[in-house]
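Structure at a glance
Below, each chain spelled out in residue letters.
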Amino acid sequence: MDFRELLKQLNKSMDSLDLVSARKYIEENIDILTKNRQLLQGNTRAMFDLIKQKKDIGERPLSRHEMTVIYSINTYATKFDLTGLKLVVNNNPELFLNEEIKQYLNEDAKTLLQGMKVLH
């Protein structure tokens, strides 16, 4: 993908709030985007800076699977489906060792997981 197409796709993803795709584009092309940071739009630049900062300190980004699990947790919590929520939590205990997931959880999920003593 050439640079102009990358910028177009990246900005389109950010505009449509497809943050997973935007993050993927940034992570796969971080070197090119670092050299051309000034060409990124406001929200895209902010996301780029966050991802770059996390990469620079050696933090591993969440995988697509982990993001899917978080989405499931949020869905179960919103529907107050405790059985489904417990099942997802029990099948993915290592996910809760990462402090970064808190920012992806909705308020229902945070409340229920704190009640279950999964989050602190």
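Cut-offs applied
- Residues numbered from 1 in each chain as written.
- Predicted model: local features only at pLDDT ≥ 70, side-chain atom pairs only at ≥ 80, totals over all residues.
- Heavy atoms only, no water.
- 1 Å grid on protein atoms, 1.4 Å probe; cavity = no way out; pocket = protein on both sides within 12 Å on 5 of 7 lines; lining within 4 Å.
- Points joined across faces, edges and corners; volume = space filled by probe spheres on them.
- Helix = DSSP H or I, 4+ residues; strand = E, 2+ residues; numbered from the N terminus.
- Nonpolar A, V, L, I, M, F, W, Y, C, P; charged D, E, K, R; others polar.
- pLDDT = per-residue confidence, 0-100.
- Axes fitted to C-alpha atoms, helices over the stretch in contact; angles between N-to-C directions.
- Parallel < 35°, antiparallel > 145°, perpendicular 65-115°, else oblique.
- Contact = heavy atoms within 4.5 Å.

**Considering the layout of surface pockets**
Empty space within the largest pocket amounts to approximately 330 Å³. Lining the largest pocket are 19 residues, and of these Arg23, Met47, Leu50, Ile51 and Tyr104 lie nearest its centre. Listing elements by their share of the lining of the largest pocket, those giving two or more residues are helix H2 (19-28) and helix H4 (42-56). Ranked by the residues each element gives to the lining of the largest pocket, the list is headed by H4, at six residues. Tallied by class, the residues present in the lining of the largest pocket amount to ten nonpolar, two polar and seven charged.

**Quick word on empty space enclosed by the protein**
Across all of its chains, the model carries one cavity of 30 Å³ or more by this definition. Around the largest cavity sit His65, Glu66, Val69, Asn92, Glu94 and Leu95, which together line it. Split into classes, the residues belonging to the lining of the largest cavity amount to two nonpolar, two polar and two charged.

**Concerning the confidence of the model for the protein**
Residues of the protein with pLDDT of at least 70 account for 100%, and the chain-wide mean is 87. At the level of individual helices and strands, the protein shows its lowest average pLDDT in H2, which scores 84, and its highest in helix H6 (residues 82-91), which scores 94.

**So, the packing of helix H1 (residues 3-15) against H4**
At a minimum axis separation of 9 Å, H1 and H4 run at an interaxial angle of 100 degrees. In terms of orientation, H1 lies roughly perpendicular with respect to H4. Contacts between H1 and H4 pair Leu10, Asn11 and Met14 from the former with Asn43, Thr44 and Met47 from the latter.

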